[in-house]
Amino acid sequence: MYGVAALLLLVAAILSVADVGEKAGRLSDWQAFALGITQGLTELLPISSSGHLILVPWLADWHYLEAHPDFNKTFDVALHLGTLVAVVAYFWADVVRYVAAWFRSVARRSVSSMDERIAWWIFAATIPAAIAGALGEDSIETHLGQPWQIAIFLSVFGVLLWLADRLPQQKRIGELGFWPAFAVGISQILALMPGVSRSGITITTGRFFRLDRDSAARFAFLLLIPIVFGAVVYKGVKHVVLQSLPAGSIGPFVVGTMAAAAVGLVAIDLLLGYVRRHDYSAFAVYRLLVAAGIVIVIASGWRSAHF
């Protein structure tokens, strides 16, 4: 796995050095490479990918994506496709098992095994966030995606993560139950606000329901697959298939997707290995430090509170 990730990252870096498929004055391959790495790390760690994908251009003073929202939406599809590939590849055996269990349950019109229960929990937990995302994601990100707002969400939900993680570890995924699983799914709606974090809020809610740390992370990743798959298909059809891609898109799209997939593979493995031995305090502290950094940057006048 690490070899595949390294190869993908190397190819993405070589394409960036060669400026393959980019066009002057648009998003460069190197910018796409940096944002792909950002996506791969932050989508899968409980620190908010949407928030960091706003903060990195804000700090680096890159305005192309902000000034070209249509291109930004299509590039967002490429980045999420990368992390989707990473999660599906890492959890392939689980994906096959739960999909097969769900279809067996539907065909038999009953639920009889633990795999079938978990498959239905994932299905039910996906529905609230999918509906909310389809109806209001663009509007939410437009109104709640300013750096000062991201700082607030990073702080508040970082504290909630720390509080939830103080609770005892009493359950694995198979012991969660339908309604707690559905509640975890509902909590994903909050992740539409940049700075909250989809994996962060699902891990937080899972820990509030006494899932152990490893199970909370695994359930968050399993829930990510149908949500991100649906978003990639929906946005891909809407912003890529039904609209012509602007010149200079191919290079950044390929580089961003490959970088996100490569770093995502490593991020999953590192997080699961880390939480088997440690708690989530480091991520809560990181969120608070980033929030404090945003406040300092704004207060110093280096960057505006709006982007």
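Scroll up a little and you will see the structure.
All figures in this text were calculated on a predicted structure; none of them were measured in a lab.

(A) Spatial organisation of the packing of aromatic side chains. Tallied over the entire structure, the rule returns 13 aromatic pairs. Ring geometry for Phe178 and Phe182: centres 6.3 Å apart, planes at 5 degrees, overall stacked. On the criterion of helical spacing, the pair formed by Phe178 and Phe182 is a turn pair, its members being four residues apart in helix α9 (residues 178-187). Between Trp179 and Phe182, the aromatic rings sit 5.9 Å apart at their centres with planes inclined by 90 degrees, giving edge-to-face as the arrangement. Taken together, the residues span about one helical turn, with Trp179 and Phe182 both in helix α9 at a distance of three residues. With a relative accessible area of 23%, Phe182 lands in the partly exposed category. Cluster of aromatic residues (ring-pair linked, three or more members): Trp102, Phe103, Trp120 and Phe123.

(B) Just the pattern of salt bridges, in detail. Inspection of every chain in the model, using the stated rule, returns twelve salt bridges. Here Asp94 and Arg97 are joined by a salt bridge, their closest N and O atoms 2.9 Å apart. Taken together, the residues Asp94 and Arg97, both in helix α6 (residues 92-108) and three residues apart, mark about one turn of the helix. Relative accessible area serves as the criterion here: at 34%, Arg97 is assigned to the partly exposed category. The shortest N-O distance in the salt bridge between Arg213 and Asp165 comes to 2.8 Å.

(C) View of unusual backbone geometry. A positive phi angle is found at Ser197, which is not glycine, with a value near 90 degrees. Unusually for a residue other than glycine, Arg210 sits at a positive phi of about 70 degrees. Counting through the fold element by element, Arg210 comes out in the loop between α10 (198-208) and α11 (213-241). With a relative accessible area of 28%, Arg210 lands in the partly exposed category.

(D) Quick look at helix α12 (residues 250-275). Here α12 is 26 residues long and its end C-alpha atoms lie 37 Å apart, about the 38 Å a rise of 1.5 Å per residue gives. Burial analysis of α12 places 20 of its 26 residues in the buried class, which makes it a mostly covered element.

(E) Layout of the packing of helix α8 (residues 147-164) against helix α13 (residues 281-300). Running from N to C, α8 and α13 point in directions that differ by 160 degrees, and their axes come no closer than 8 Å. By the angle between their axes, α8 is roughly antiparallel relative to α13. Handedness of the crossing formed by α8 with α13: left-handed. Residues Pro147, Trp148, Ile150, Ala151, Phe153, Leu154, Ser155, Phe157, Gly158, Val159, Leu161 and Trp162 of α8 form the contact with α13, whose participating residues are Ser281, Phe283, Ala284, Arg287, Leu288, Val290, Ala291, Ile294 and Ile298. Partitioning the contact of α8 with α13 into residue classes produces 17 nonpolar, three polar and one charged.

(F) Seen up close, the side chain of Arg287. Residue position: Arg287 is located in helix α13. It turns out Arg287 is buried and unbridged, and the closest side chain with the opposite charge, Glu43, is 11 Å from it. A polar atom in the side chain of Arg287 sits 3.4 Å from the backbone oxygen of Phe153. Polar side-chain contacts of Arg287 include one of 3.1 Å to the backbone oxygen of Val196.

(G) Focus on the side chain of Glu116. Relative to the helices and strands, Glu116 is located in helix α7 (residues 114-143). Side-chain polar atoms of Glu116 contact the backbone nitrogen of Ser112, separated by 2.8 Å. Not counting the four nearest positions on each side in its chain, Glu116 is found in contact with Ala101, Arg104, Ser105, Arg108, Ser110 and Val111.

(H) Structural view of a nonpolar patch on the surface. Among the surface-exposed residues, Val159, Trp162, Leu163, Phe208 and Leu288 lie close enough to one another that they form a single nonpolar patch of about 430 Å² accessible area. For the nonpolar patch, the element with the most residues is α8, which contributes three residues. Among the secondary structure elements, Phe208 is positioned in helix α10. Its relative accessible area of 39% is what places Phe208 among the partly exposed residues.

(I) Representation of the nonpolar core within the structure. Counting residues in hydrophobic clusters, the biggest one holds 40 residues, and the most contacted among them are Val87, Phe219, Phe221, Leu271 and Tyr280. Non-local contacts of Phe221, meaning those with residues more than four positions away in its chain, are made with Leu44, Val87, Phe91, Ile268, Leu271 and Leu272. If you look at the next biggest cluster of nonpolar residues, it comprises 17 residues, including Leu35, Phe71, Phe253 and Met258.

(J) Structural context of the packing of helix α3 (residues 49-60) against α13. Closest axis-to-axis distance for the α3/α13 pair is 13 Å, and the angle between their directions is 35 degrees. Viewed along their axes, α3 and α13 form a crossing whose handedness is left-handed. Packed against α3, whose contacting residues are His52, Leu55, Trp58 and Leu59, the element α13 presents Tyr286, Val290, Ile294, Val297 and Ile298 at the interface.

So, how was this worked out
- Residues numbered from 1 in each chain as written.
- Predicted model: local features only at pLDDT ≥ 70, side-chain atom pairs only at ≥ 80, totals over all residues.
- Heavy atoms only, no water.
- Phe/Tyr/Trp six-rings, centres within 6.5 Å; stacked < 30°, edge-to-face > 60°.
- Helix = DSSP H or I, 4+ residues; strand = E, 2+ residues; numbered from the N terminus.
- Buried < 20%, exposed > 50% of the residue type's maximum accessible area, 1.4 Å probe, protein only.
- Salt bridge = Lys/Arg side-chain N within 4 Å of Asp/Glu carboxyl O.
- Expected span 1.5 Å × (residues − 1).
- Axes fitted to C-alpha atoms, helices over the stretch in contact; angles between N-to-C directions.
- Parallel < 35°, antiparallel > 145°, perpendicular 65-115°, else oblique.
- Left-handed = near helix turned anticlockwise from the far one by under 90°.
- Contact = heavy atoms within 4.5 Å.
- Nonpolar A, V, L, I, M, F, W, Y, C, P; charged D, E, K, R; others polar.
- Lys, Arg positive; Asp, Glu negative; His and termini not counted.
- Polar contact = N/O pair within 3.5 Å; in protein donor to acceptor, adjacent residues only side chain to side chain.
- Patch = residues over 30% accessible without salt bridge, like charges linked within 9 Å, V, L, I, M, F, W, Y side chains within 5 Å.
- Areas by Shrake-Rupley, 256 points an atom, 1.4 Å probe, with all protein chains shown as cover.
- Core = buried A, V, L, I, M, F, W, Y, C linked by side-chain atoms within 4.5 Å.

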